[in-house]
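# Summary of structural features
Letter by letter, the chains look like this.
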Amino acid sequence: MKHETIKISERVLRLWDLLFRAGSFALTARPRERDRAPSAEGLLIRLAVTMLATLLTLLPGISFPLHAAAFDDPRQKDADDRKDKDTKAAAYRDGKKAVRAGKLDKALEIYRSLLDRDAGDVQAHLGIALTYTKKLNYKLSYEHATEALRLDPASARAHALAGLSLLRSGLIRDATLELNDAFRLDPKEALAWGAAAEIDYYEGRSKESRERSLRAFALDSDEPDYLITYARASSRVESFKDAADAYERFLDIAPETDRERRDRIKGLIVFYRRLVGVEVHQLGGARSTELPFQLGSDRRPYIQIRINGRPANFVVDTGSGFTVISKESAKRFGVTEVARGGTSQGVGGDGKFEIVYGLIKTIQLGDVRIKSVPCFIRPFHSVKDRPPEERAEGFIGLSVLSHFLTDIDYKDSTMRLDRDPDKTVKVADSVDTVVPFRTTQNGLISIETELDGAHRINAILDSGASSTVISTAAVNRLNLRDSIIKGQTVRVVGAAGISENVELLFLRHCRVADLEQNNLRALVLDFNAINETSGFEQSGILGGDFLRHFRIRIDFNRAQVTLQPHTGAITRQ
């Protein structure tokens, strides 16, 4: 506004000059009266003019805002307003481009600059909320989304962003409420359709997930994440061509900043292309079967099966979305590599391991035979240190178990598999507790769990884990550091390697629905690698130390787990 100061000052000077001239004319005596002394009236006029001139000289510095309003040209003000709007619009475009290009720090800088100028800028709050979602900082994303709602309660985009932040934080019921508001305000809000598609996927509605993710992409074809949901839902229904096509389209439009993710997707594309035309998980043999298992000293169920016709010792692993075979066993059983790419996530070591895909010709589980079973091939850690009967050669994961009504009976040490869908409608016994579950993006079973009577978390049901685990982030967020057991640490062997000096957390109460176990020691581990691909935050693992007290039935068609306690360690609340 510096130019306005100069303009006003020039006008004041001109006015001052006119007044001075008028005063001089009024007070100058006619020639013949020049020698006379000025009258009292003349002195008063001269004094008034002098004071007025002085006041006008000082006014621009004293009351600039008043003069700016009085002398400013309305057309100039309109031009300035248009320029300010154009500057904001350009900043919005730059912020959006930065997000699309994966330059998230640059986007944050742009939106923060806008908010520094105007804390009530709704569009800037929406932009920075989306950016924080991309950076996996759901707390700050939610805060900016709710601030946008405070400023504009009718913003469908703000409701959708709040819902997405809650969803990724694992608060799915709360997220659903926000998404419903977004749909009510704007049925064409793409972000709401994308988040709804994710919920459908987590709750086992693959068909609806595919439809809604496609709807989201049709509304906003610049957002690649909708394609990821569609690809995952397609692979779950074994439509591998659709999954591969969606992943290829994702690579075309997604930023190239996340090289590790792109490498992982490239490997998936090759793998799915190899599976096109292959009928995977072909079920044969009996309609149902029962296999004994041995509960190891590590509280994991070991079963004897046949891989490509040869006997093998596997673990029943509900904490693995895929069937897994060790690198050494793959060579011995003739399971060859068909694709590779990127890294997968797991517990232990640095949390990651190289992804190598294989295809098992046949798996024999008791009287049930399964042909063409996709699998991971990876190194196993410290297997030779275990007793012979606990040297696992692989893990039967949910990609196989999900084709059956699966019972894992820790009391009788048996696993039952039944592919008769009529048995899924049996009414649970009065002593059973039925718990709904969701599946993560990588296919794991997630159950709401309560800690110490106050804290609710999402925990993975993991028969392949020896112990219950709480994430480091949850321990800090829930202020549980005081419950860390002082002076005790353990060594943990996980899918991704070995972790030393792992802390232990004392849980007074660990509760699922109305079933509670008291005085439980839980490992404290970093879940960052797990949550990178879980879709919504997982804060714990329910391992063998908890599960061994139950008869467990997993009904994948209904997305529910039935728990029947058989020891006194579990009480009903």
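Above this text you will find the structure in question.
For clarity, every value in this text was computed on a predicted model and none was experimentally measured. (Residues numbered from 1 in each chain as written. Predicted model: local features only at pLDDT ≥ 70, side-chain atom pairs only at ≥ 80, totals over all residues. Heavy atoms only, no water.)

## Here's the deal with the overall build of the chain
- The number of helices and strands found in the chain is 19 helices and 23 strands.
- For the chain, buried positions account for 49% of its 573 residues.
- Look at the contacts in the chain between residues 6 or more apart in sequence, and 65% of them connect residues 24 or more apart.
- Carbon and sulfur atoms make up 51% of the accessible area of the chain, which totals about 28200 Å². (Helix = DSSP H or I, 4+ residues; strand = E, 2+ residues; numbered from the N terminus. Buried < 20%, exposed > 50% of the residue type's maximum accessible area, 1.4 Å probe, protein only. Contact = heavy atoms within 4.5 Å. Areas by Shrake-Rupley, 256 points an atom, 1.4 Å probe, with all protein chains shown as cover.)

## Quick notes on the packing of helix H8 (residues 156-168) against helix H9 (residues 172-185)
- Two numbers describe how H8 lies on H9: the axes approach to 8 Å, and their chain directions differ by 165°. Classified by the angle their axes make, H8 and H9 are roughly antiparallel. In this structure, the crossing between H8 and H9 has a hand that is left-handed. Contacts between H8 and H9 involve Ala-156, His-159, Ala-160, Ala-162, Gly-163, Leu-166 and Leu-167 from the former and Ile-172, Asp-174, Ala-175, Glu-178, Leu-179, Asp-181, Ala-182 and Leu-185 from the latter.
- Tallied by class, the residues present in the contact of H8 with H9 amount to 10 nonpolar, two polar and three charged. (Axes fitted to C-alpha atoms, helices over the stretch in contact; angles between N-to-C directions. Parallel < 35°, antiparallel > 145°, perpendicular 65-115°, else oblique. Left-handed = near helix turned anticlockwise from the far one by under 90°. Nonpolar A, V, L, I, M, F, W, Y, C, P; charged D, E, K, R; others polar.)

## A look at the environment of Gly-120
- Position of Gly-120 relative to the elements: it lies in the loop between helix H5 (104-117) and helix H6 (122-134).
- On the basis of relative accessible area, Gly-120 is assigned to the partly exposed category, the value being 35%.
- For Gly-120 and Arg-150, which are 30 residues apart along the polypeptide, the C-alpha to C-alpha distance reads 9.7 Å.

## Topic: the packing of helix H7 (residues 138-151) against H8
- In contact at an axis separation of 8 Å, H7 and H8 are set at 155° when each is read in the N-to-C sense. Regarding the angle of H7 to H8, the classification is roughly antiparallel. Taken as a pair, H7 and H8 cross one another with a handedness that is left-handed. Across from Tyr-138, Ser-141, Tyr-142, Ala-145, Ala-148 and Leu-149 in H7, the residues of H8 making contact are Ala-158, His-159, Leu-161, Ala-162, Ser-165, Leu-166 and Arg-168.
- Along the lines of polarity and charge, the residues of the contact of H7 with H8 split into nine nonpolar, three polar and one charged.

## Overview of unusual backbone geometry
- Although it is not a glycine, Arg-299 sits at a positive phi angle of roughly 65°.
- Classification of Arg-299 as partly exposed rests on a relative accessible area of 24%.

## Description of the pattern of salt bridges
- For the structure shown, the criterion picks out 39 salt bridges.
- Here Arg-100 makes a salt bridge to Glu-223, at a shortest N to O gap of 3.3 Å. One end of the pair, Arg-100, is in helix H4 (residues 74-100); the other, Glu-223, is in the loop between helix H11 (206-219) and helix H12 (225-236), with 123 residues separating them in the sequence.
- Two residues, Asp-412 and Arg-551, come together in a salt bridge whose shortest N-O distance is 3.5 Å. Here the residue Asp-412 occupies a position in the loop between strand S10 (405-409) and strand S11 (414-418), and Arg-551 occupies one in strand S21 (residues 550-555), the gap between them amounting to 139 residues. (Salt bridge = Lys/Arg side-chain N within 4 Å of Asp/Glu carboxyl O.)

## Quick word on the nonpolar core
- Membership of the largest hydrophobic core comes to 74 residues, with the highest contact counts inside it found for Leu-167, Tyr-247, Tyr-272 and Tyr-357.
- Ranked by the residues each element gives to this core, the list is headed by helix H10 (residues 190-202), at eight residues.
- Among all residues touching Tyr-272, those that are not within four sequence positions of it are Ser-235, Phe-240, Ala-243, Ala-244 and Tyr-247.
- Listed in part, the 63 residues of the second largest apolar core include Ile-307, Ile-377, Ile-445 and Ile-457. (Core = buried A, V, L, I, M, F, W, Y, C linked by side-chain atoms within 4.5 Å.)

## Remarks on the packing of aromatic side chains
- Here the structure, examined in full by the defined rule, presents 14 aromatic pairs.
- Centroid distance Tyr-201 to Tyr-202: 6.1 Å. Interplanar angle 75°. Geometry classified as edge-to-face.
- Relative accessible area serves as the criterion here: at 5%, Tyr-201 is assigned to the buried category.
- Taken together, a centroid distance of 6.3 Å and an interplanar angle of 20° make the contact between Tyr-247 and Tyr-272 stacked. Taken together, the residues Tyr-247 in helix H13 (residues 240-253) and Tyr-272 in helix H14 (residues 259-275) connect sequence positions 25 residues apart. Per residue, the accessibility class of Tyr-247 equals that of Tyr-272, and both read buried.
- Joined through ring pairs, the aromatic side chains of Phe-240, Tyr-247, Phe-271, Tyr-272, Phe-322, Tyr-357 and Phe-376 make up one cluster.
- For the cation-ring pair, Arg-332 lies above Phe-333, with the distance from its terminal atom to the ring centre recorded as 5.0 Å. (Phe/Tyr/Trp six-rings, centres within 6.5 Å; stacked < 30°, edge-to-face > 60°. Lys NZ or Arg CZ within 6 Å of the ring centre and 35° of its normal.)

## Here we look at the side chain of Asp-555
- Within the secondary structure layout, Asp-555 lies in strand S21.
- The charged side chain of Asp-555 is buried without a salt bridge, its nearest counter-charge being Arg-558 at 4.5 Å.
- Within polar-contact distance, the side chain of Asp-555 engages the backbone nitrogen of Asn-557 at 3.2 Å. (Lys, Arg positive; Asp, Glu negative; His and termini not counted. Polar contact = N/O pair within 3.5 Å; in protein donor to acceptor, adjacent residues only side chain to side chain.)

## Brief notes about the pairing of S21
- Bridge count between S10 and S21: four bridges; the pairing is antiparallel. Note that in S21 the partner of Thr-406 across the bridge is Ile-554.
- Bridge count for S21 against strand S22 (residues 560-565) is six bridges, and the pairing is antiparallel. Within S22, the position partnered with Arg-553 by the bridge is Thr-562.
- Taking the residues between adjacent antiparallel strands as the criterion, S21 and S22 are bridged by four residues, where Ala-559 takes a positive phi near 55°. (Pairing = 2+ DSSP bridges.)

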